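Here is what each chain is made of, one letter per residue.
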Amino acid sequence: EINPLVTTTDGGGTWRYREIDPPSRIAAGHMIEDSGWVVGHRGMVLASRNGGETWTAPESGTTADLEAIAFSGDGGDGVAVGDAGTILVTRDGGAHWFAADSGTDSALRALATNGTLIVAVGDRGTTVVSTDGGKTWTEAAPLFPPLAKNVPAAADDEATRFQTSWGFAVVD
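Throughout, a residue's number is its position along its own chain's written sequence, starting from 1. Since the coordinates come from a predicted model, pLDDT governs what is reported: local features require at least 70, and pairs of side-chain atoms require 80 or more to be given and counted, while whole-chain, interface and lining totals use all residues. With hydrogens and water excluded, all non-hydrogen atoms of the structure serve as input to the side-chain values.

A short note on a nonpolar patch on the surface
Thought 1: A surface patch of nonpolar side chains, about 370 Å² in accessible area, is lined by Val6, Trp15 and Tyr17.
Thought 2: The helix count covers DSSP runs of H or I at least four residues long, the strand count covers runs of E at least two residues long, and both are numbered beginning at the N terminus. You can see Trp15 is positioned in the loop between strand S1 (5–7) and strand S2 (16–18). Patch membership requires over 30% relative accessible area and the absence of a salt bridge. Like charges are linked within 9 Å, and nonpolar side chains (Val, Leu, Ile, Met, Phe, Trp, Tyr) within 5 Å. Each accessible area is a Shrake-Rupley result for a 1.4 Å probe, and residues are judged covered by the shown protein chains and nothing else. Criterion for a salt bridge: a side-chain nitrogen of Lys or Arg within 4 Å of a carboxyl oxygen of Asp or Glu.

Here it is as structure tokens:
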């Protein structure tokens with residue numbers, strides 16, 4: 001299944017389709033001002049520095065499906081997670097990615113970060129935590145029992161919250 005990449009420059013009033021070459025399934029995206037990143041099928045990472053007008057495809061170094069991506073503050077530090085416990089980290093706004101050892105082979109489906117603290121959750125209640133910006137990861141006990149249904153990521157002024165069919169996390 002191929003998802004379209006669509007962008008807006010007027011707060012959602014109008015939308016434009018963007019070509020992805022090669023066409024691929026997009027799983028998640030993250031925007032900070034005019035910078036944006038999307039991840040998806042077979043290790044696909046795309047980056048834009050002009051509000052989605054054009055996209056580049058930096059080498060991710062993996063063929064695992066990527067399911068979630070998040071960047072902190074200024075967009076310099078980012079993390080992507082996916083199948084088979086895949087964790088990718090960038091320190092240069094997504095130009096270069098390196099693999100980090102998650103300590104699990106479970107698929108990771110969602111993540112949240114406040115910059116230093118990063119929490120990723122996935123299948124079978126898997127929860128992994130990094131307290132050093134993604135350099136090292138520790139598997140933690142599931143925060144809550146498995147849920148019956150996927151709920152999309154949401155954020156408010158107090159904390160970042162998300163849950164998947166197998167876990168839930170809040171990052172203040």
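Looking at the pattern of salt bridges
Thought 1: Using the criterion set out here, one finds 6 salt bridges in the structure.
Thought 2: When the shortest N-O distance is used, the salt bridge between Arg109 and Glu67 registers 3.4 Å. Of this pair, Arg109 sits in strand S10 (residues 108–113) while Glu67 sits in strand S6 (residues 66–71); the two residues are 42 residues apart in sequence, bridging distant segments of the chain.
Thought 3: Note that Asp123 and Arg109 form a salt bridge whose closest N and O atoms lie 3.0 Å from each other. Here the residue Asp123 occupies a position in the loop between strand S11 (118–122) and strand S12 (127–130), and Arg109 occupies one in strand S10, the gap between them amounting to 14 residues.
Thought 4: Here's how the labels work: a residue is buried when its accessible area is under 20% of the maximum for its type, exposed when over 50%, partly exposed in between, all with a 1.4 Å probe on protein chains only. You can call Arg109 partly exposed: its relative accessible area is 31%.
Thought 5: The network of salt bridges with shared partners includes Arg25, Asp65, Glu67, Asp83, Arg109 and Asp123.

A closer look at the nonpolar core
Thought 1: In these notes, a set of buried Ala, Val, Leu, Ile, Met, Phe, Trp, Tyr and Cys residues joined through side-chain atoms within 4.5 Å is what counts as a nonpolar core. The biggest cluster of nonpolar side chains holds 13 residues, and the ones touching the most others in it are Val79, Val81, Ile87, Leu111, Ala120 and Trp137.
Thought 2: Those elements that provide at least two residues to this core are S6, strand S7 (78–82), strand S8 (87–90), S10 and S11.

Let's talk about the pairing of S6
Thought 1: A large share of S6 lies buried, amounting to 6 of its 6 residues.
Thought 2: Strands qualify as paired when DSSP identifies two bridges or more between them. The pairing of S6 with S7 spans 5 bridges and is classified as antiparallel. By the bridge assignment for S7, Phe71 is matched with Gly78.
Thought 3: What sits between the antiparallel neighbours S6 and S7 is a turn of 6 residues, in which Gly73 has the positive phi angle 25°.

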